[in-house]
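These are the residues of each chain, in order.
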Amino acid sequence: MEKFADEVLIEVAAGSGGNGCVAFRRERFIPHGGPAGGDGGRGGSVIFSVRRNLRTLAHLRFRHLFEAENGHDGEGSGRYGKNGEDMVIPVPPGTALFDPDTGALLHDFGKDERDLVFLKGGNGGWGNIHFKSSVNQAPLQALPGQKGSRRKLKIELQLLADIGFVGFPNAGKSSLLDRFTRARPKIAPYPFTTKIPNLGMLRVDDRDLILADIPGIIEGASEGAGLGIQFLKHISRTVALAFLIDLSEDTYHEAFGILCRELEAFSPELLRKKRVIIGTKLDLEGSAEHLDDLKKIYPDEMIFGISVYSGEGIPETAALFMKLGEVET
Ligand SMILES: Nc1nc2c(ncn2[C@@H]2O[C@H](COP(=O)(O)OP(=O)(O)OP(=O)(O)O)[C@@H](O)[C@H]2O)c(=O)[nH]1
Ligand SMILES: [Mg+2]
């Protein structure tokens, strides 16, 4: 999962400069006014701006071409053309820009988060005001705006999960990922359905959160039972953990303790993360009582009940994930 990359190919274009204008002063009582054609405006630039609320490149998938506005042409009476609007492209921290043909790294926002003027807009052309000379009092000459340049880009981001799901096999981890994100993990009524970690993006308002679903953990996993615990490394850099516990199973009251012991055997750091216990399958018989029971057993833990079938607790869980996923900066 450290290798899980988000990638988009786009094309960016700076605006061209506006053209210079050929015009003359027209004033009453002055039969032959001097040149008065203004300069064209500058074309807009293409600027990348790091936004901390973004976690993925999903917002760049909706279109391919990102174009800054052209500068407006100069006008008579010495009026300059308006400058074109810049095209500001927001990217999440950690984004890197590459040349899609050579693969060369052009810029790494992981090292420098300041705004980057990637392509400067073209200069506006001179109006005929600039061409007046002692020999030519009425110049018909003006310059066209400078063409804006364009460029293809590969934008890449290494994704790191914000919240990791841990739980026994069959607890409903993949089902929750499926419910919250567009990831479509395999879901089945038998243990160890998930063999490799799955990532998905939960988007609420304009914030993205990466959720990681990993294979089920059983007692003794740290000694190699089941699929082992080596994939816990994929959630070792998350901000928070969600412990999913199947409320319809008899093991509901011991699952949390077992999971904690297995996680601790891998790395005690994991138990220092923010966490929430999520009781799953609340729609099944007896689950509601088991949820109350769980709250009594672990009065100091944050505990939520959900069902991906009935939808109960789902919006609350999404809001909670958003809160848990906040990184203190
Ligand atoms: N009744 C009910 N069944 C659920 C709910 N959530 C998941 N299930 C079922 O539980 C079974 C296991 O779900 P998964 O999402 O595959 O569980 P998992 O934790 O990813 O399992 P592993 O990948 O094996 O670790 C599936 O048959 C799901 O349909 C729920 O809210 N209610
Ligand atoms: Mg699964």
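Here, the structure is the one placed above.
Residues numbered from 1 in each chain as written. Chains lettered and ligands numbered in written order. Predicted model: local features only at pLDDT ≥ 70, side-chain atom pairs only at ≥ 80, totals over all residues. Heavy atoms only, no water.

Digging into unusual backbone geometry
The phi dihedral of Asn170 falls on the positive side, at around 75 degrees, and the residue is not glycine. Assignment of secondary structure puts Asn170 in the loop between strand S9 (163-167) and helix H1 (173-180). Overall, the relative accessible area of 29% leaves Asn170 in the partly exposed class. (Helix = DSSP H or I, 4+ residues; strand = E, 2+ residues; numbered from the N terminus. Buried < 20%, exposed > 50% of the residue type's maximum accessible area, 1.4 Å probe, protein only.)

Details of the pattern of salt bridges
One pass over the full model with this rule turns up 11 salt bridges. Salt-bridge contacts for Lys281 lead to Asp246; the nearest nitrogen and oxygen are separated by 3.0 Å. Here the residue Lys281 occupies a position in the loop between strand S13 (274-280) and helix H3 (287-297), and Asp246 occupies one in strand S12 (residues 240-246), the gap between them amounting to 35 residues. A relative accessible area of 24% places Lys281 in the partly exposed class. For Glu301, the salt bridge identified is with Arg275, shortest N-O distance 2.8 Å. A residue pair is termed long-range when its members are at least 10 positions apart, and Glu301 in the loop between H3 and strand S14 (303-305) and Arg275 in strand S13 qualify at 26 residues. (Salt bridge = Lys/Arg side-chain N within 4 Å of Asp/Glu carboxyl O.)

Side note on a negative patch on the surface
There is a patch of like negative charges on the surface, built from Glu219, Glu249, Asp250 and Glu254. Residue placement: Asp250 occurs in the loop between S12 and helix H2 (252-266). The exposure class of Asp250 is exposed, given its relative accessible area of 64%. (Patch = residues over 30% accessible without salt bridge, like charges linked within 9 Å, V, L, I, M, F, W, Y side chains within 5 Å. Areas by Shrake-Rupley, 256 points an atom, 1.4 Å probe, with all protein chains shown as cover. Lys, Arg positive; Asp, Glu negative; His and termini not counted. Charge placed at Lys NZ, Arg CZ, Asp CG, Glu CD.)

Overview of the packing of H1 against helix H4 (residues 314-324)
Axis separation between H1 and H4 bottoms out at 12 Å; the angle between their running directions is 85 degrees. By the angle class used here, H1 and H4 are roughly perpendicular. Where H1 approaches H4, its residues Leu176, Arg179 and Phe180 are matched on the opposing element by Ile314, Thr317, Ala318 and Phe321. Residues of the contact of H1 with H4, tallied by class, amount to five nonpolar, one polar and one charged. (Axes fitted to C-alpha atoms, helices over the stretch in contact; angles between N-to-C directions. Parallel < 35°, antiparallel > 145°, perpendicular 65-115°, else oblique. Contact = heavy atoms within 4.5 Å. Nonpolar A, V, L, I, M, F, W, Y, C, P; charged D, E, K, R; others polar.)

Some thoughts on the site of ligand 1
Looking at ligand 1, there are 22 residues lining it, with Lys173, Ser175, Phe192, Asp283 and Tyr309 nearest. Between ligand 1 and Ala171, the relevant distance is 3.1 Å, taken from an oxygen atom to a main-chain nitrogen or oxygen of the residue. Relative to its unbound accessible surface of 660 Å², ligand 1 loses 92% to contact with the protein. Class assignment for the residues of the shell around ligand 1 results in 11 nonpolar, eight polar and three charged. (Near = heavy atom within 4 Å. Polar contact = N/O pair within 3.5 Å; in protein donor to acceptor, adjacent residues only side chain to side chain.)

Things to note about the packing of aromatic side chains
Under the definition given, this model contains seven aromatic pairs. Ring geometry for Trp126 and Phe131: centres 6.2 Å apart, planes at 65 degrees, overall edge-to-face. By relative accessible area, Trp126 is classed as partly exposed at 43%. For Phe131, a relative accessible area of 18% translates into the label buried. Both rings, one in Phe243 and one in Phe256, keep their centres 5.0 Å apart while their planes meet at 75 degrees; by these two values the pair is edge-to-face. Pair noted here: Phe243 is in strand S12 and Phe256 is in helix H2, with a separation of 13 residues, a long-range link. (Phe/Tyr/Trp six-rings, centres within 6.5 Å; stacked < 30°, edge-to-face > 60°.)

Points about the environment of Ser248
By secondary structure assignment, the location of Ser248 is in the loop between S12 and H2. Given the relative accessible area of 26%, Ser248 is considered partly exposed. In this view, Ser248 contacts Thr280, Lys281, Leu284 and Ser287; residues no more than four positions away in its chain are not counted. A polar atom in the side chain of Ser248 sits 2.6 Å from the side chain of Asp246.

Details of the side chain of Asp246
On the basis of relative accessible area, Asp246 is assigned to the buried category, the value being 9%. At 3.0 Å, the side chain of Asp246 forms a polar contact with the side chain of Lys281. In this structure Asp246 touches Asn170, Ala171, Tyr252, Thr280 and Lys281, once residues within four positions along its chain are discounted.

Considering the sheet that holds strand S7 (residues 116-119)
What the three strands build is an open sheet, ordered S4-S2-S7; its pairing is mixed. Both outer strands of the open sheet, strand S4 (87-91) and S7, are each paired with one neighbouring strand and no more. Neighbour to neighbour, the strand axes of the sheet diverge by 30 degrees on average, direction disregarded. In the sheet, strand S2 (residues 46-50) pairs with S7 via three bridges, with the strands oriented antiparallel. Bridge pairing in S7 places Phe48 opposite Leu116. (Pairing = 2+ DSSP bridges.)

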